[in-house]
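Descriptive structure summary
Residue strings, one per chain:
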Amino acid sequence: MDTQQIAEILAKPYSQQLLNGSEPARFAYDGLDGDPRVIPIGFWTEGEQILMATVPKSAKVAALRQNPKVALTIDTGAFPPKVLLIRGTAAVELVPGVPEGYLQAGHKVMTDEQYPDWAAGVKGLYDEMVVITVTPTWAKLLDFETTIPKAVEDLITEKSAG
């Protein structure tokens, strides 16, 4: 999949709704032991890149340095579901303090009243963080209105012909 195709998928209204909404991403990577991991994680975007921040000594940072291939799912729990699937490559960078994007991502999931205390606590806790930047190499939006999983589409076609 080329960057233009990825950009077109990420620019779709439902994709933008998911990328800018309050739902966490489900972030998949391979641990140092070779076994897969999936974690919920807050995120923000910059262009077509998806960013997250974490503790410098977290297990995921060491694992991503060894194997940067990752996958993300961002979805809604409502019906019909909206699902954005992304595969990509992660880069890790140690940064001083708390990135503004991390604070914005946190604010998406709490009230305005909760945010000041949370932000002050985070700023007091972290002297530095690692920013994980995912550059998509593949993307698919399943909105169950205009797009559905290929296997379901094939089954519908098969049953309709039948």
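Computed from a predicted model, the values in this text were never measured in an experiment.

Concerning helix H3 (residues 59-66)
Residue pairs three or four apart in sequence face the same way in an α-helix, which turns once every 3.6 residues. Among the residues of H3, those classed as buried are Lys-60, Val-61, Ala-63 and Leu-64. Taken end-on, H3 shows its buried residues confined to a sector of 165 degrees, consistent with a single buried face. Of the exposed residues in H3, the ones pointing more than 90 degrees away from its buried face are Ala-59, Arg-65 and Gln-66. Those residues of H3 that are buried are in contact with strand S1 (25-30), strand S2 (36-41), strand S4 (49-54), strand S5 (69-75), strand S6 (83-96) and strand S7 (128-142).

Quick notes on the packing of helix H1 (residues 3-11) against helix H2 (residues 13-20)
Helices that pack against each other are described as a pair by the angle of their axes relative to one another and the distance between those axes. As a packed pair, H1 and H2 sit with axes 5 Å apart at the nearest point and diverge in direction by 75 degrees. The orientation of H1 with respect to H2, classified from their angle, is roughly perpendicular. Residues Ile-9, Leu-10 and Ala-11 of H1 touch H2, and the partners they reach there are Pro-13, Ser-15, Gln-16 and Leu-19. Partitioned by chemical class, the residues of the contact of H1 with H2 number five nonpolar, two polar and no charged.

A closer look at the packing of helix H4 (residues 100-107) against helix H5 (residues 115-125)
The contact between H4 and H5 brings their axes to 10 Å, and the two run at 145 degrees. Crossing geometry of H4 relative to H5 is assigned as right-handed. Counted together, Tyr-102, Leu-103, Gly-106 and His-107 of H4 and Tyr-115, Trp-118, Ala-119, Val-122 and Lys-123 of H5 form the full contact between these two elements. Its residues assigned to classes, the contact of H4 with H5 comprises six nonpolar, two polar and one charged.

Some remarks on the nonpolar core
Among soluble globular proteins, nonpolar side chains are generally buried collectively. Counting residues in hydrophobic clusters, the biggest one holds 26 residues, and the most contacted among them are Phe-27, Ile-50, Met-52, Leu-72, Leu-84, Ile-132 and Val-134. Only H1, H2, S1, S4, H3, S5, S6 and S7 provide two or more residues apiece to this core. Grouped together as the second largest cluster of nonpolar side chains are 15 residues, Val-95, Val-98, Met-110 and Val-122 included.

Quick look at the packing of aromatic side chains
Enumeration over the complete set of coordinates arrives at four aromatic pairs. With a centroid separation of 5.8 Å and an interplanar angle of 35 degrees, the aromatic rings of Phe-27 and Tyr-29 are classed as tilted. Look at Tyr-102 and Tyr-126: their rings are 6.3 Å apart centre to centre, the planes differ by 75 degrees, and that puts the pair in the edge-to-face class. In this pair, Tyr-102 is assigned in helix H4 and Tyr-126 in the loop between H5 and S7, connecting sequence segments 24 residues apart. Feature note: the residues Tyr-102, Tyr-115, Trp-118 and Tyr-126 constitute an aromatic cluster, connected by ring pairs. Directly above the ring of Tyr-14 sits Lys-82, whose terminal nitrogen or CZ lies 4.6 Å from the centroid.

Concerning the pattern of salt bridges
Inspection of the entire model under this criterion finds four salt bridges. For the salt bridge of Arg-26 with Asp-75, the shortest nitrogen-to-oxygen distance reads 3.7 Å. Here Arg-26 is found in strand S1, whereas its partner Asp-75 is found in strand S5, with 49 residues between them in sequence.

Focus on the environment of Val-83
Within the element layout of this structure, Val-83 appears in strand S6. Along the sequence, Val-83 and Lys-140 sit 57 residues apart, while their C-alpha atoms lie 8.2 Å from each other. Setting aside residues no more than four positions away along its own chain, Val-83 makes contact with Leu-18, Thr-73, Ile-74, Asp-75, Lys-140, Leu-141 and Leu-142.

Some remarks on the environment of Leu-103
One can find Leu-103 in helix H4. Measuring from C-alpha to C-alpha, the distance between Leu-103 and Glu-158 comes to 49 Å, with 55 residues separating the pair along the chain.

What counts, and where the lines are drawn
- Residues numbered from 1 in each chain as written.
- Predicted model: local features only at pLDDT ≥ 70, side-chain atom pairs only at ≥ 80, totals over all residues.
- Heavy atoms only, no water.
- Buried < 20%, exposed > 50% of the residue type's maximum accessible area, 1.4 Å probe, protein only.
- Helix = DSSP H or I, 4+ residues; strand = E, 2+ residues; numbered from the N terminus.
- Arc of directions from axis to C-beta.
- Contact = heavy atoms within 4.5 Å.
- Axes fitted to C-alpha atoms, helices over the stretch in contact; angles between N-to-C directions.
- Parallel < 35°, antiparallel > 145°, perpendicular 65-115°, else oblique.
- Nonpolar A, V, L, I, M, F, W, Y, C, P; charged D, E, K, R; others polar.
- Left-handed = near helix turned anticlockwise from the far one by under 90°.
- Core = buried A, V, L, I, M, F, W, Y, C linked by side-chain atoms within 4.5 Å.
- Phe/Tyr/Trp six-rings, centres within 6.5 Å; stacked < 30°, edge-to-face > 60°.
- Lys NZ or Arg CZ within 6 Å of the ring centre and 35° of its normal.
- Salt bridge = Lys/Arg side-chain N within 4 Å of Asp/Glu carboxyl O.

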